[in-house]
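# Reading the structure
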Amino acid sequence: MAQIKNILCAVDFSEHSPSVAEYARIMAQGLGAKIICLYVAPSLSQYVGFHVPPSSIENFVGEIVTGAEATMSAFLNENFQGVEAEGHVVTGYAAEEIFGMAAKEDADLIIMGTHGRKGIDRILFGSVAEKVVKGAKCPVLTIRPTK
């Protein structure tokens, strides 16, 4: 049987993130695994050519990352009691960064939420979860939002 020692828990700090974290915590407790919690801040590099000085974009992204790091610390304390967990905040495209962190941390399982988008929203925004499910080198557990 496969050994699950490292669980990558990708979150977006939405109201649904604690539910995703709960699944990760329960699995980590049962399997004796470590949790690597990941938040990916958008890079916004695609907006450099839109009459916005690159320094303004860099400052804005820096503020997002600083806020996300504080949020990550609180999120770890609130959601991962009783398990070994570490948090990471990175900048980039979510699916690519999830793949990179999974490889770096030798993740045996990725747990992440879906937004449950349908129709035109799904076409316009795409699905990070779908990209991860299709491209991950390890199993992926997706958690749908609850009402």
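Reference entry: report on the structure contained in this document.

This paragraph deals with the sheet that holds strand E4 (residues 109-113). Reading across from one edge, E3-E2-E1-E4-E5 is the order of the five strands in this open sheet, with parallel pairing throughout. A single partner strand is all that each edge strand has here, and the edge strands are strand E3 (85-91) and strand E5 (140-143). Neighbour-to-neighbour, the strand axes of this sheet turn through a mean angle of 20°, independent of strand direction. Alignment of strand E1 (residues 6-11) against E4, held across four bridges, turns out to be parallel.

Right, let's get into helix H3 (residues 94-104). Every buried residue of H3 is listed here: Ala95, Ile98, Met101 and Ala102. Seen end-on, H3 carries its buried residues on one side only, within an arc spanning 130°. Opposite its buried face, H3 presents the exposed residues Glu96, Ala103 and Lys104, each directed more than 90 degrees away. Residues of H3 that are buried in the fold lie against E1, strand E2 (34-41), E3, E4 and helix H5 (128-135). Phi turns positive one or two residues past the end of H3, at Asp106, with a value near 55°.

Right, let's talk about the nonpolar core for a bit. Formed by 23 residues in total, the largest nonpolar core has its most connected members in Ile7, Cys9, Ala24, Ile35, Cys37, Phe80 and Ile111. The element contributing the most residues to this core is helix H2 (residues 54-79), with five residues. For Ala24, the contacting residues outside a window of four places in its chain are Ile7, Cys9, Ile35, Phe80 and Ile111. Ala10, Val40, Met112 and Cys138 belong to the second largest nonpolar core, which has 17 residues in total.

For side chains of opposite charge, pairing can occur when their charged atoms come near one another. Within this structure, the stated rule accounts for three salt bridges. Glu105 serves as the salt-bridge partner of Lys34, at 3.9 Å between the closest nitrogen and oxygen. Within this pair, whereas Lys34 is found in strand E2, its partner Glu105 is found in the loop between H3 and E4, the two being separated by 71 residues in sequence. For Lys34, a relative accessible area of 19% translates into the label buried. Given a relative accessible area of 17%, Glu105 falls into the buried group. Through salt bridges with shared partners, a single network forms among Lys34, Glu86 and Glu105.

Rules used in this analysis
- Every chain is numbered independently, its residues counted from 1 as its sequence is written.
- Only residues with pLDDT of at least 70 are given local features in this predicted model, and only at 80 or more are side-chain atom pairs given and counted; all residues enter the totals for whole chains, interfaces and linings.
- The basis for the side-chain values is all heavy atoms of the structure; hydrogens and waters are excluded.
- For two strands to count as paired, DSSP must find a minimum of two bridges between them.
- Segments assigned H or I by DSSP are reported as helices when at least four residues long, segments assigned E as strands when at least two residues long, and all are numbered from the N terminus.
- The angle between two axes is taken between their N-to-C directions and runs from 0 to 180 degrees, where each axis is a line fitted to C-alpha atoms and a helix contributes only its stretch in contact.
- Classification of residues uses two cut-offs on accessible area relative to the type maximum, computed with a 1.4 Å probe and protein chains only: under 20% is buried, over 50% is exposed, and between them is partly exposed.
- The directions from the helix axis to the C-beta atoms form the arc being described.
- Any two residues whose heavy atoms approach within 4.5 Å at even a single point are treated as in contact.
- Here the nonpolar core consists of buried residues drawn from Ala, Val, Leu, Ile, Met, Phe, Trp, Tyr and Cys, with membership extended through side-chain atoms lying within 4.5 Å.
- Any carboxyl oxygen of Asp or Glu that lies within 4 Å of a side-chain nitrogen of Lys or Arg is treated as forming a salt bridge with it.

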